[in-house]
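One-letter residues, chain by chain:
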Amino acid sequence: MIRFLDLGPTTEEITGEVAAGWDEVLRTGRFIGGPFVDEFERGFAEYCGTAHAIGVANGTDALHLALRAMDIGPDDEVVVPTNTFVATAEAVVLAGAVPRFADVDNDTLLLTPETLRAAVTPSTKAVVVVHLYGQMADMDALGRTTAELDIKLIEDAAQAQGARWRDVRAGAWGSVGCFSFYPGKNLGAFGDAGAVVTSDGEIAERIRSIRDHGRANGGHYQHDRFGVNSRLDALQAVVLAAKLPLLDGWNAQRRELADHYRRCLDPDGAKLVTVAPEAEAIHHLAVAQVRNRDQVREALLARGIETGIHYPTPCHRLPPYASYFGNGALPVSEAAAERIVSLPLYPHMTMAQVETVAAELNHVVERGAAA
Ligand SMILES: *Cc1c(COP(=O)(O)O)cnc(C)c1O
């Protein structure tokens, strides 16, 4: 049996440190905020290369609060790639704004300046660039394009903790970078958690206030703006602080495994998503495009190999979001949704397991220019 994802081995590496930290939290009773949250926020900002990191309850709120802190709301449009997890678009709706769906590149399955421009209207205030699958979108080109269009650039780096475009990490390119620490992410908590990183002190201050019922500095019952309850709790901060020093090593393991997939898979059958030469990807997912996707998944499962689809339906075709889209099509994303398959990949998986998956896939995949 080769599982799609096994969190066990990475959890084992930190069990002792987490137990000690949780003992301390239980002893002091500082469950919300406190030194562990402060320490993780400092460490994560330093890791990303930003001045601030603000812990929040989950990745969806990271995006939602970032948009609100940037004064994006009713009557504003925000471009999002349709090939993403639904939370990217959901956060735009939560902020009261309107999502505009954009297509993606056929080789990277990421947003490009061209697909962004095709979705922009005079009401567009921002774009959420998603570094899907742990890759990096072209931040040089998208930075230039957003400057020309005079719209804000927000990064959804939920799948890209530690990825780099040239020498700058995901999250540090945009006005804000938004992270999820859902357990299955490369940096995952033991429950829900998230963070926003930014080097803009004003935005950081607003997010700190919004995540905590709109409290202002100081007064416990002084609420200066509408807020929400979206704080990072101390128990999760202990887990994240214990994992952060191990993240680069885990990401390097994923990179080696992903490179091995690339060596072992027949490119005439399974076409792995392309990583740009400027990018250091962290391979949250190993996604290939194949012609006979459903047959491939069934055959692999019959041999004990689990796979996934990320994601089966592009956001603009999901019922609650279709009304924002109207007629028309985003043909690259729609075609890719029929062909994509995510292969097992996680730290501590073995090269031999990669070879087994690749051999079975090469055996069953339909040949001839996957895409
Ligand atoms: C996981 C994820 C989110 C949402 O994060 P949650 O912590 O689950 O709320 C947002 N965007 C992308 C691309 C994700 O993968």
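Everything discussed here concerns the structure shown above.
Everything numeric here is computed off the predicted structure, so don't read it as measured data.

A.B. asks: Just to check I follow, could you spell out helix H1 (residues 8-28) for this structure?
C.D. replies: Each full turn of the α-helix corresponds to 3.6 residues, which orients residues three or four apart in the same direction. An ideal rise of 1.5 Å per residue puts 30 Å on 21 residues; H1 measures up with 29 Å between its terminal C-alpha atoms. Looking at the buried positions of H1, the neighbouring elements they touch are helix H2 (35-48) and helix H8 (234-264).

A.B. asks: Looking at this structure, how should I read helix H6 (residues 139-149)?
C.D. replies: Within the span of H6, buried status applies to Met139, Ala141, Leu142, Thr145 and Thr146. Down the axis, H6 shows its buried residues gathered within 160 degrees of arc, on one side only. Facing away from the buried side of H6 by more than 90 degrees, the exposed set consists of Arg144, Ala147 and Glu148. As for H6, its buried residues are in contact with helix H5 (113-119), strand S4 (124-130), strand S5 (152-156) and strand S6 (164-165). Between the side-chain oxygen at the start of H6 and the backbone nitrogen of Asp140 there is a gap of 3.2 Å, and the oxygen is on Asp138. Trailing H6 by a residue or two, Asp150 shows a phi angle of about 55 degrees, which is positive.

A.B. asks: Just checking my understanding: could you explain unusual backbone geometry for this structure?
C.D. replies: Note: most residues except glycine have negative phi, and most peptide bonds are trans. Cis geometry marks the peptide bond from His310 to Tyr311; its omega dihedral reads 10 degrees. With respect to the helices and strands, Tyr311 occurs in the loop between helix H9 (293-302) and helix H10 (319-325). Phi at Tyr133 is positive, roughly 65 degrees, even though this residue is not glycine. Inspection of the secondary structure puts Tyr133 in the loop between S4 and H6. Unusually for a residue other than glycine, His213 sits at a positive phi of about 60 degrees. Mapped onto the fold, His213 is located in the loop between helix H7 (201-210) and H8.

A.B. asks: Would you mind going over the site of the ligand with me for this structure?
C.D. replies: Taken together, the neighbourhood of the ligand is formed by 13 residues, with Gly59, Thr60, Asp156, Ser180 and Lys185 sitting nearest. Residue Thr60 places a side-chain N or O atom 2.5 Å away from an oxygen atom belonging to the ligand. In this structure, an oxygen atom belonging to the ligand sits 2.8 Å away from a side-chain N or O atom of Gln159. Relative to its unbound accessible area of 380 Å², the ligand is 93% covered by the protein chains.

A.B. asks: Honestly, the sheet that holds strand S3 (residues 98-102) in this entry has me stumped. Any pointers?
C.D. replies: The strands making up a sheet are joined through hydrogen bonds of the backbone, oriented either antiparallel or parallel. With mixed pairing, the 7 strands of this open sheet are ordered in space as S1-S9-S8-S5-S4-S2-S3. Of all the strands in the sheet, the pair left with one neighbour each is strand S1 (52-56) and S3. Ignoring strand direction, the axes of neighbouring strands in this sheet form an average angle of 25 degrees. Relative to S4, strand S2 (residues 77-81) runs parallel, the two sharing 3 bridges. Residue pairing for S4: Val78 is matched across the bridge by Ala126.

A.B. asks: Sorry, what's going on with the packing of helix H3 (residues 59-69) against helix H4 (residues 87-94) here?
C.D. replies: Packed helix pairs are specified by the crossing angle of their axes together with the interaxial distance, meaning the distance between the axes. Taken N-terminus to C-terminus, the directions of H3 and H4 make an angle of 40 degrees; their axes are 8 Å apart at the nearest point. Between H3 and H4, the crossing angle belongs to the class labelled oblique. When the axes of H3 and H4 are compared, the crossing they make is right-handed. Contact residues: Thr60, Leu63, His64 and Leu67 in H3; Ala87, Thr88, Glu90, Ala91, Val92 and Leu94 in H4. Considered class by class, the residues forming the contact of H3 with H4 number 6 nonpolar, 3 polar and 1 charged.

A.B. asks: Where do I start with the packing of H8 against helix H12 (residues 351-364) in this structure?
C.D. replies: It is at 9 Å that the axes of H8 and H12 come closest, and there the two elements cross at 35 degrees. Helix-helix and strand crossings are classified by hand; for H8 and H12 the assignment is right-handed. Along its contact with H8, which presents Glu256, Leu257, His260, Tyr261, Arg263 and Cys264, the element H12 presents Met351, Val354, Glu355, Val357, Ala358 and Asn362.

A.B. asks: Can you walk me through the packing of aromatic side chains in this structure?
C.D. replies: The description of an aromatic ring pair rests on the distance of the ring centres and on the angle between the ring planes. In this structure the tally under the stated criterion is 8 aromatic pairs. Arranged with centres 6.3 Å apart and planes meeting at 15 degrees, the rings of Phe44 and Tyr47 form a pair that is stacked. Linking Phe44 with Tyr47, this pair stays in helix H2, spanning 3 residues, or about one helical turn. The same class applies to Phe44 and to Tyr47, which are both buried. Their ring planes at 85 degrees and their centres at 4.9 Å tell us that Phe44 and Phe179 sit as a pair that is edge-to-face.

A.B. asks: Would you explain the nonpolar core in this entry?
C.D. replies: The nonpolar side chains of a soluble globular protein tend to be buried, and buried together. Ranked by internal contacts, the top residues of the largest apolar core, which has 94 residues, are Phe40, Phe44, Val78, Ile154 and Phe181. With 9 residues, the single largest contributor to this core is H8. The contact partners of Val78, leaving out residues within four places of it in the chain, are Leu67, Ile72, Val92, Ala97, Val98, Pro99, Arg100, Ala126, Val127 and Val128. Judged by nonpolar contacts, the second largest core, of 23 residues, contains Ile2, Val296, Leu343 and Val357.

A.B. asks: Would you explain a nonpolar patch on the surface in this entry?
C.D. replies: The grouping of Leu26, Phe31 and Ile32 at the surface amounts to a nonpolar patch, some 310 Å² of accessible area in total. Summarising the element assignment, Phe31 is placed in the loop between H1 and H2. The class of Phe31 is partly exposed, set by a relative accessible area of 41%.

Rules of the game
Residues numbered from 1 in each chain as written. Predicted model: local features only at pLDDT ≥ 70, side-chain atom pairs only at ≥ 80, totals over all residues. Heavy atoms only, no water. Helix = DSSP H or I, 4+ residues; strand = E, 2+ residues; numbered from the N terminus. Expected span 1.5 Å × (residues − 1). Contact = heavy atoms within 4.5 Å. Buried < 20%, exposed > 50% of the residue type's maximum accessible area, 1.4 Å probe, protein only. Arc of directions from axis to C-beta. Polar contact = N/O pair within 3.5 Å; in protein donor to acceptor, adjacent residues only side chain to side chain. Near = heavy atom within 4 Å. Areas by Shrake-Rupley, 256 points an atom, 1.4 Å probe, with all protein chains shown as cover. Pairing = 2+ DSSP bridges. Axes fitted to C-alpha atoms, helices over the stretch in contact; angles between N-to-C directions. Parallel < 35°, antiparallel > 145°, perpendicular 65-115°, else oblique. Left-handed = near helix turned anticlockwise from the far one by under 90°. Nonpolar A, V, L, I, M, F, W, Y, C, P; charged D, E, K, R; others polar. Phe/Tyr/Trp six-rings, centres within 6.5 Å; stacked < 30°, edge-to-face > 60°. Core = buried A, V, L, I, M, F, W, Y, C linked by side-chain atoms within 4.5 Å. Patch = residues over 30% accessible without salt bridge, like charges linked within 9 Å, V, L, I, M, F, W, Y side chains within 5 Å. Salt bridge = Lys/Arg side-chain N within 4 Å of Asp/Glu carboxyl O.

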